[in-house]
Amino acid sequence: MSRGQSLLKKRRRRSVIAFEMIRLDRSAAEPLHEQLYRQIRDELKSGTFADAADRLPSSRALATDLGVSRLTVNLAFSKLHAEGYLRSKAGSGTFVANPLPESFLTADKFARRTAGGIRRGGLKTYRLVERGARTSSRARAIPDQRAGTQFDLGALGAGAGISLVPGLPAVDEFPIDIWERLRSRVLAQKGTHLLRHASSRGDADLRKAIATYLCDFRGARCHPDQILVVGGMQQAMLISAMALLDPGEPVWIEDPGFHQARRVFILAGAKVVPKRLDDEGIVIARAPKEKQPKIIHVTPSHQYPLGVTMSFERRTSLLDFARAHDAFVFEDDFYAEFRFTGPPLPCLQGIDDFGRVIYAGTMSKILYPSLRLGYVVAPETLIDALVKIRSTMDQHSSAIDQATLARFITEGFFLSHIKRMRKIYAERRRVFIKQFNELLGDRFTLQVPEGGLNMVAWLKREEDFTTINRVTLQIGVKPSPLSFYCIRATPKPAFVFGFAGWTPTQIRESLMKLASSLQKAGIS
């Protein structure tokens, strides 16, 4: 391919309109350039173009596509220029005019009715007052007060900067070069196969790799046919809930607990029943008039947000309760790999002899959040129902990412990454504890868990909570108030800090900034 042809293709790819719909009739009385002018004009009048996507093809490229002379295209473009539909940028090309001529010719019936409807020296603007759409009770029931651009920052509301919000892994340490090399390799080997629809169960190689990892390093007992690849922990919960629950059936969750679990189960139509915690984990006692739960959601390896590790006695009691009451335990096993006192504890699923545990994990906390890949290990009697829900929901996750992750695991990079991140997190954890106690120990009592990537800091003076909360929001160091994770629980005021996503230097600087700001606010 010549250099000129290559440049022509690049220009076509950047063009806003492909002009496939233009039809020129060489037998018509109307000249070709008039036909072209009229069809382009009509296309522009009916279309909406953003500033970043308003470029037209060059006259040479369009002439080649339509099989006409370049003079024909130039005549059409000249007339569109003269009437204000197109504009030119020297050295850049031809673009759609903004605004189009119709903006000045069309009567504005709304502007006549609304004071200030026309800006002086500018375009007409509309002030439309629309009746709010009636949303479903399901949507209104979700306990999420965000709106508009607040969703742009994700579930954590964490933008750029050192926020110390919990739940952020160290994405700066992810081996992108290895990942991209593996991605290129699987694309070269499997080619267009990865661009087609994939299995609703998940990539077969990935399910086999996950099963091997879980059996070897998490103490699970499973085989690949029990595994469903999903788009993260929340989808794992939603699929499980929709497969097991009828509207109004109860789900027990920890209180305080994972806020997204509450939202997901409410979306699924469940009656969410908060259960208190003690030093051994969730308290599973049932009140006399309380309905039996269908699902019990727990985080036994590292309770979120308090950091409690469920005792062996509580685990066996929970399994006995589930078996006796025909309930399922949803084991949310996030952060299990990051334990800093002793080896990781085996998962609850590994000691379940009666098929009562639905085990779920996510790669987002281990690798990077936007990957959106997780897995569910279901009892054999449930797996087909879960796959049926998944296939109806969105069929499957990205086949390319699944194949890349399978290779990442089987070639040993996954386990190496976990070991490396455990060392990095241990160092950041050590720095956080030391600096926090030195700089803020007079205001907080830091609770240090055995594992996980967050810590709870309890206020020594409860009356300082409002001022501290205001200061953290002002300076951008934004730990989450513990009350954010509570439903009925009323613990003493505290904040949940994350430390994993920032370097030791950043951790020191942010804690110094918080300590200094609190002192200026009179909290000492």
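Residues numbered from 1 in each chain as written. Predicted model: local features only at pLDDT ≥ 70, side-chain atom pairs only at ≥ 80, totals over all residues. Heavy atoms only, no water.

Chemist: Please set out the sheet that holds strand E15 (residues 494-498) residue by residue, giving values where relevant.
Modeler: Here we have four strands laid out as an open sheet, ordered E12-E13-E15-E14, and antiparallel in their pairing. Edge positions in the sheet fall to strand E12 (444-447) and strand E14 (480-481), since each of these pairs with one other strand and no more. Here two bridges tie E14 to E15, and the two strands are oriented antiparallel to one another. When the bridges of E15 are listed, Ser-480 appears paired with Val-496. (Pairing = 2+ DSSP bridges. Helix = DSSP H or I, 4+ residues; strand = E, 2+ residues; numbered from the N terminus.)

Chemist: Now, about the pairing of strand E1 (residues 86-89): what can you tell me, with residues and values included?
Modeler: A regular strand carries its side chains on alternate faces of the sheet. Alignment of E1 against strand E2 (residues 93-96), held across four bridges, turns out to be antiparallel. Bridging across to E2, Leu-86 finds its partner in Val-96. Two successive antiparallel strands, E1 and E2, enclose a turn made up of three residues, where Gly-91 displays a positive phi of approximately 80°.

Chemist: So what's going on with the pairing of strand E4 (residues 250-254)? Which residues, and what values?
Modeler: Most of E4 sits out of view: five of its five residues are buried. Residues Pro-250, Trp-252 and Glu-254 line one face of E4 and the alternating positions Val-251 and Ile-253 line the opposite face, and both faces are buried. For the crossover from E4 across helix H11 (residues 259-267) to strand E5 (residues 271-275), the handedness is right-handed. Pairing of E4 with strand E8 (residues 295-298), which is carried by three bridges, proceeds in the parallel orientation. Across the sheet, residue Ile-253 finds its bridge partner in E8, namely His-297. (Buried < 20%, exposed > 50% of the residue type's maximum accessible area, 1.4 Å probe, protein only. Right-handed = clockwise from strand over helix to strand, strands pointing away.)

Chemist: If you had to explain the packing of aromatic side chains to someone new, which residues and values would you point to?
Modeler: Overall, the coordinates contain 24 aromatic pairs when judged by the stated rule. Between the aromatic rings of Phe-436 and Phe-497, the centroid separation amounts to 5.3 Å while the plane-to-plane angle is 75°, which identifies the pairing as edge-to-face. Of this pair, Phe-436 sits in helix H15 (residues 413-440) while Phe-497 sits in strand E15, and the two are 61 residues apart along the sequence. Of the two residues examined, Phe-436 and Phe-497, each falls in the buried class. In textbook terms, an aromatic cluster arises when at least three aromatic residues are bridged by ring pairs, as seen for Phe-432, Phe-436, Phe-444, Phe-465, Phe-495, Phe-497 and Phe-499. Cation over ring: Lys-79 sits above Tyr-37, and NZ or CZ is 4.4 Å from the ring centre. (Phe/Tyr/Trp six-rings, centres within 6.5 Å; stacked < 30°, edge-to-face > 60°. Lys NZ or Arg CZ within 6 Å of the ring centre and 35° of its normal.)

Chemist: Lay out the side chain of Glu-290 with the relevant residues and their values.
Modeler: The topology assignment puts Glu-290 in the loop between strand E7 (281-282) and E8. Under the relative-accessibility criterion, Glu-290 is labelled buried at 19%. Within the local environment of Glu-290, its side chain forms a polar contact with the side chain of Lys-275, the two groups lying 2.9 Å apart. (Polar contact = N/O pair within 3.5 Å; in protein donor to acceptor, adjacent residues only side chain to side chain.)

Chemist: Could you give an account of the environment of Pro-166, with specific residues and numbers?
Modeler: As for its placement among the helices and strands, Pro-166 is situated in the loop between helix H7 (137-141) and helix H8 (176-190). Classification of Pro-166 by relative accessible area gives buried; the value is 2%. C-alpha separation for the pair Pro-166 and Gly-501, spaced 335 residues apart in sequence, amounts to 8.8 Å.

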